Amino acid sequence: MAMKRIVFLLAGLAQLCGSQVASSHGKTFVTAFMQNNQKNLANEPSAKHELLITGYSPKTMVRVTIGKSMYRRTFPLNEGRTVTIKLPNTIELLGTELFDGTVLIEADKDISILARSHDGSSVGSTVLYPVQQLGTLYYVVTPVGDKANTFKEFVVVAYETSTRINISLTGAVTYKGNGYPSGSRLVAHLEAFQAIQLQSSDDLTGTKVESDEPVAVLSGHSCAQDNKACDHVVEQLLPTPSWGSFFIVPLLSFQNRHGTVYVVASQNTFIKYQHGHIEKSQDMEAGQVLQLDHQSSEPMYISANNGIQVLFSAVGAADQDYGSSLINIPAVTSYCVSHNTGGMSQYDRFAVIIAKTSESSGIMLEKEGIGTLQWRPVPDTEYSWAEHSLSKTADVFSLEHPSTPFGLFILGVSQNDGSGSMAVCTTGEPVASCSLIQCRKEEMCEIQDKRPVCVAGSESTCWAQGDRHYHTFDGRNFDFRGSCTYTIAKTCSLDGDVPSFSIEAKNEYRGNTHVSYVGLLTVTVYNITISITRNEIGFVRVNNQRSRLPISMHEGKLRLYQSGGAILMETDFSLKVSYDWDDSLVITIPRMFSDSVCGLCGNYNNDPADDFTTPSRTLAFSPVEFGSSWKVDDGDRFCWDDCPGGCKSCSPELISKYTAEPFCGWISKGGSGPFSQCHAVISPEIFLENCVYDICMNDGLKEVLCEALKNYAEICQKEGIAVSDWRMATGCSSFVCPANSQHKACGPACPTTCNDESLPSSCASLPCVETCQCNEGFVWDAGKCIPRADCGCLFEEKLFSPGEQFWEDGSCTRHCTCDPETKRVTCQAASCRSGEQCRVEDGIQNCYPTDYGTCYASRGTHYSTFDGQRFNFQGTCVYQLAGLCEKGRDLVDFQVLVQNSHQISHSATFLKMVEIRLDGTVIVINREHPGKVVVNGFLTNLPYRTGNGKMLIYRRGQEAVVQTYFHLTVTFDWQSHVTVTVPSTYASALCGLCGNFNGNKLDEMIMKDREVTLNPSAFGQSWKIREVPGCTELDKEECAGLSTLTSRQRRLGRDCGLILSKRGPFQECHSRIDPEEYFQDCVYDSCFFKGQQAVICQAIANYAAACQATGATLEAWRSDTFCSISCGLNSHYELCARSCAQSTCGSISVPLPCSSKCQEGCVCNEDFVLSGDQCIPMSQCGCLYQDHYYLAGETFYPTCQKRCVCQPGGSVKCEAVSCGPDEECRLLDGIQKCHPTGNATCSVFWQPSLSYL
């Protein structure tokens, strides 16, 4: 009996709702023919490779070309006609290899294509999708079949651009002689129009294919198992964005044996499936493939809460010798109202129709009723299915319904052969219909952009603003000032229909331990962790990688973008999170989360009385009890759930003062007030109360007032309410925009960016926001406006700047760079350098040092190298303390210089100046400017952070600290002690007085000429960088009586002996840092300076600082009569003060590191903060302007044409100026302004070479 073969396909498009439309209509297609059966078809006389091309417009011109071959075929195609193009058998891909035999089909009007391969006994065909439907993420399905010399197989085809392919294998393959086991990753690089075919005897189902550029992926089996023998099966797969969520797998009358339904998830997904009247459900993980047995007696339907891929592997019918097939089942949402069928007039043809039961009678064939059909229901759905025999007389048929979409199979069968074709939507796209999607509870369907989408029926908002004022989803207001990490909101329901998310916030103190603000926001959704850090404007951290905005992830279901001064995060289930990188956090959730959330935002059950529900389901009696119950352990041992020392209150007099119009009264002012039009929609009452409290706690600081007014203005604008020019009226007009932009009080919600494709389609309809709008020709990128030509690379849905480098994976094994010329990312195998380890620090994955080395110099005399070698050297010129000498190791170049000076005796020197040079920046820390530094010639108050965030300078205890992005840290106490700490990556790469950092203290004294010496004076003199007037270099002098003094102080345990005392204040530190060398330095200095207490105290303080840097606990060692510290006005001494607990004006705007280690020093009293080197009331704080902090009342010149004055409270007033006739603008003594032109001093700004012989 002759064998009948059948191949069939399902009509339609891929999922419509929220995804790209996957249509088979197009003008350009690319494909390849996988191996069919176990033979070389080039030698088979019956072998055929064909393209069945159907036209839909008159006079369509089509061209077919094959890879690098000479094959070219151009022909006309008329409307409604199908042409069969036979291709050379040599194009078949044989084995696992790279191939150039790809087929390119181009047309000037839309066509559709069926690709077919058969060798006489094995037939496989697939509908092709045009190139605009290709994607970058696929999951492979390979049906069963174990016949000898046949393989599970798939092919990846590149289009017109070369691309890198990452393939995560679920079965073993051998490629280019290398074995790749299951679970491994194979990386291949395809040139344009090149293909890779992978074959295996293992099941490759679930293999993930990722690419940099869109590719085509075809999957199947060279000869899959069927009833009698085997049959070639192939199907072009759809990329994940084209997947759907509701599918019907119909019953096929000829299929009298079981088949297999493959369900693939690309993310964590909850699915329900019903076979007949039996319903089951299952949670699926990302990448999981579920195989369901499809019995021949009943159809099956499948639904999911996220997009899934469904394929059906049919093994045919034993009694009729029908063969195997692999069918890509489309989503119900892809059905169309009108279809064409064509290309199989040589077969007995059958139509398998799936339609709504209530509309099935309306389906027309060739504009006439289709006749009597036996409609059979799909159980527990509103759909039915039927089969209908089509005539052979016509090549093309049309089936249509007046209004309701339906799905269509076309089957073609003949003796020894068979095929199938796609019933193509003649409308080009599905008709928008809300009947095609299933919305979650509390959602409703709307037609948006001709697509049905589920939107929240209603929603509620929770916010946390200012000094941690909270407003729950149910409207309860409370204050909670904890500084730990807390759960703000998360999904707490076990209902699988409610999406899972979690939002946590780490609070921090800023200049005042009585108030706390959001410092770090962490959102987890779709198994993606998003972290947003205060002041990292324009950036977000995704799975521990820092990324630019905007970003679209998870097939467009998660979007992050900047709107005004805030980052907005939106999901497809209507979760919205807004954070302004400062103090305002706003969360909106749809009604479907009712009674399904928990955290500080409450449970959203319309009852504010139970919003204080704790994780143990009990009600808390106070905000502190409630807040602390939702604390998340983050390892911070020094955070508080309440105000340290008790929370302050605001007196009635101050409440009355700050409620008035010059302050918070602007919020509630009616009539001509700037917010009066908002009062009827957003009650100003709670915003007024919060504003009064915040400004009271911050001593009337104007910056705090302006922030409170901004928060109310933004909430009003989000409701579409016009807000008048409140900044000018309230004196909050110092809104600084970056270069190439202008301030807009009511500007577009979404700025033009380097990646507009990632912005939501709703941008144009969003209310206006206060923003900085880029000038024409510029786009918004990472908080700046740049020329569009300066945009970087888009890679795996993330944007990278030109030249930016990053790790592609989580184990630091592939390093990538955005090529500034091509604007494409190139990646290569790499690893962390010697002395580094791949890990996450401060929320960023990178290669971090495994260890550090520290060198110090004390009093300009005593030196201890990175490797622990101690020596004394007395010279008063400028010397290189440390710097990079090995230039070829991809290390950042830097240089640390020191200058010493004589005091009292020429036999002793003191540190006068420390100079740090790196990345074109010169920082000078000088004894002449205590509490300040000089940056590129400008005298600068602390703290100071460079605009690119690569360097931070701040005050910690008694010292200035310079921290860099490459982990170099330099400290100087403006007196006598400097330290340089370098990461282990600089091992054996350094030179200078600190040595080479190679772990060997015996070769530390390598001079500048690379010679080794044992003479400290010769060593020191060799590293002289420049001379200064009067500088000298002397050999070390011995102090008479040094030996006797050393013995006495060692024995008595006082003065310098305090360092050694086994029962003294430093006893816990002795096991961490050897006290002997510090003792020796102390006695040496004491001898030369004849026991001066100040000298002894400084030497002991050096040891105390080194001990506290290790985390050692010290006992009090100072007293009123020994080494007492005289602190300035409004401050006091503390033995163990944490740097982040020190209230500073600058830290309000510049976040400072918060270490668990403490330092001794002077700390501002209660209600005072540090401004520069003085403790002042917060109301007298200065201003942050263009990265520089200025004291209140300070006049400065950003440019020679602009003079500004810092107003108390943080505002800046500037005016245009010009120098007088006898003046000129120049930089003098660290200050740029108009100076007299008389007897001026000429300053030379000189940077010495960093190269050495």
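Above this text sits the structure in question.
None of these values were measured; they are calculated from a predicted model.

The rules behind each value
- Residues numbered from 1 in each chain as written.
- Predicted model: local features only at pLDDT ≥ 70, side-chain atom pairs only at ≥ 80, totals over all residues.
- Heavy atoms only, no water.
- Helix = DSSP H or I, 4+ residues; strand = E, 2+ residues; numbered from the N terminus.
- Contact = heavy atoms within 4.5 Å.
- Pairing = 2+ DSSP bridges.
- Axes fitted to C-alpha atoms, helices over the stretch in contact; angles between N-to-C directions.
- Phe/Tyr/Trp six-rings, centres within 6.5 Å; stacked < 30°, edge-to-face > 60°.
- Lys NZ or Arg CZ within 6 Å of the ring centre and 35° of its normal.
- Buried < 20%, exposed > 50% of the residue type's maximum accessible area, 1.4 Å probe, protein only.
- Lys, Arg positive; Asp, Glu negative; His and termini not counted.
- Salt bridge = Lys/Arg side-chain N within 4 Å of Asp/Glu carboxyl O.
- Polar contact = N/O pair within 3.5 Å; in protein donor to acceptor, adjacent residues only side chain to side chain.
- Expected span 1.5 Å × (residues − 1).
- Left-handed = near helix turned anticlockwise from the far one by under 90°.

This paragraph deals with the overall build of the protein chain. When helices and strands are tallied, the protein chain shows 10 helices and 93 strands. Sequence separation of at least 24 residues holds for 65% of the intrachain contacts in the protein chain that already meet a minimum separation of 6.

Below, the discussion takes up the sheet that holds strand β79 (residues 977-983). What the eight strands build is an open sheet, ordered β67-β66-β65-β79-β78-β77-β76-β75; its pairing is antiparallel. Each edge of the sheet is formed by a strand with only one pairing partner; in this case those strands are β67 (870-872) and β75 (944-945). The sheet contact formed by strand β65 (residues 852-858) and strand β66 (residues 862-864) spans three bridges and is antiparallel. Its bridge partner lying in β66, Ser-858 is registered against His-862. Across the sheet, helix α9 (residues 1076-1088) touches β65, β66 and β67, and the angle it forms with β67 is around 10 degrees.

Note on strand geometry: in a regular strand, side chains alternate between the two faces of the sheet. Examined bridge by bridge, strand β85 (residues 1168-1171) and strand β86 (residues 1174-1177) share four bridges and lie antiparallel to one another. Bridged to Val-1169 within β86 is Ile-1176. Between β85 and β86, which follow one another and run antiparallel, lie two residues, and Gly-1172 among them has a positive phi close to 70 degrees.

Another point: the packing of aromatic side chains. Taken as a whole and judged by the stated rule, the model has 37 aromatic pairs. Ring geometry for Tyr-159 versus Phe-193: centroids 5.8 Å apart, planes at 85 degrees, classification edge-to-face. Taken together, the residues Tyr-159 in the loop between β11 (152-158) and β12 (163-168) and Phe-193 in the loop between β15 (185-190) and β16 (195-200) connect sequence positions 34 residues apart. The rings of Trp-463, Phe-675, Phe-687, Tyr-712 and Trp-726 are connected pair by pair, giving a single aromatic cluster. One residue, Arg-376, lies across the ring of Trp-385, its end atom 4.0 Å from the ring centre. Note that Arg-591 overlies the ring of Tyr-604, its terminal NZ or CZ placed 4.6 Å from the centroid.

Moving on, we come to the side chain of Glu-235. Following the sequence through the fold, Glu-235 ends up in strand β18 (residues 230-236). Despite its burial, Glu-235 pairs with no opposite charge; the closest candidate is Arg-116, at 13 Å N-O. A polar atom in the side chain of Glu-235 sits 3.5 Å from the side chain of Thr-126.

This brings us to unusual backbone geometry. Backbone phi values are negative for most residues with the exception of glycine, while trans is the configuration of most peptide bonds. Cis geometry marks the peptide bond from Leu-549 to Pro-550; its omega dihedral reads 0 degrees. Secondary-structure assignment places Pro-550 in the loop between β46 (545-548) and β47 (551-553). Following Leu-942, the chain continues to Pro-943 via a peptide bond in cis, the omega torsion being 0 degrees. Within the secondary structure layout, Pro-943 lies in the loop between β74 (938-941) and β75.

For the coordinates displayed, the defined rule picks out 39 salt bridges. In this structure, Asp-100 and Lys-68 form a salt bridge, with 3.8 Å as the shortest nitrogen-oxygen distance. Taken together, the residues span a long stretch of sequence, with Asp-100 in the loop between β7 (97-99) and β8 (103-118) and Lys-68 in the loop between β4 (60-66) and β5 (72-77) at a distance of 32 residues. Taking the relative accessible area as the measure of exposure, Asp-100 reaches 31% and is therefore partly exposed. You can call Lys-68 exposed: its relative accessible area is 69%. Note that Glu-714 and Lys-710 form a salt bridge whose closest N and O atoms lie 3.3 Å from each other. Here Glu-714 pairs with Lys-710, and both are found in helix α5 (residues 702-718), just four residues apart, close to one helical turn. Salt bridges sharing common partners tie together Arg-164, Asp-212, Glu-796, Glu-808 and Arg-814.

Now for the environment of Pro-76. Within the element layout of this structure, Pro-76 appears in strand β5. Here Pro-76 falls in the exposed class, since its relative accessible area comes to 57%. Contact partners of Pro-76, with chain neighbours within four places excluded, come to Thr-60 and Met-61.

Right, let's get into helix α4 (residues 685-697). With 13 residues, α4 extends 19 Å from end C-alpha to end C-alpha; this agrees with the ideal 18 Å at 1.5 Å per step. The buried count for α4 comes to 11 of 13 residues, which makes it a mostly enclosed element. Those residues of α4 that fall on the buried side of the exposure criterion are Ile-686, Phe-687, Leu-688, Asn-690, Cys-691, Val-692, Tyr-693, Asp-694, Ile-695, Cys-696 and Met-697. Summarising the contacts, the buried residues of α4 are in contact with β38 (459-465), β39 (469-471), β40 (477-479), α2 (652-659), α3 (665-668) and α5. Just past α4, the residue Asp-699 takes up positive phi, approximately 60 degrees.

Before going further, it helps to examine α9. Taking 1.5 Å as the rise per residue, α9 with 13 residues should run 18 Å; its terminal C-alpha atoms sit 19 Å apart, in good agreement. Along α9, 11 of the 13 residues are buried, which leaves the element largely enclosed by surrounding structure. Positive backbone phi, approximately 55 degrees, marks Lys-1090, located one or two places after α9.

As a further point, take the sheet that holds β47. Spatially, β40-β39-β38-β51-β50-β49-β48-β47 is the arrangement adopted by the eight strands of the open sheet, whose pairing is antiparallel. With partners counted over all chains shown, the strands left at the sheet margins are β40 and β47, one partner each. Taken pair by pair, the neighbouring strands of this sheet meet at an average axis angle of 15 degrees, ignoring direction. Two elements, β39 and β40, share three bridges in a ladder whose sense is antiparallel. What sits directly across from Tyr-470, in β40, is Phe-478. Here α4 sits on the sheet in contact with β38, β39 and β40, set at roughly 15 degrees to β38.

A few words now on the packing of α2 against α4. Direction vectors running N to C along α2 and α4 enclose 120 degrees, while the axes themselves pass 9 Å from each other. Here α2 and α4 pass one another in a crossing that is right-handed. Contacts between α2 and α4 involve Leu-654, Ile-655, Tyr-658 and Thr-659 from the former and Leu-688, Val-692, Ile-695 and Cys-696 from the latter.

Next up on the list: the environment of Ala-489. With respect to the secondary-structure elements, Ala-489 resides in strand β41 (residues 485-491). Sequence separation between Ala-489 and Thr-472 is 17 residues; the distance between their C-alpha atoms is 9.8 Å. The residues touching Ala-489, leaving out its near neighbours within four places in the chain, are Phe-473, Phe-501, Ser-502, Ile-503, Cys-598 and Cys-601.

Function-wise, these values are silent; they only describe arrangement.
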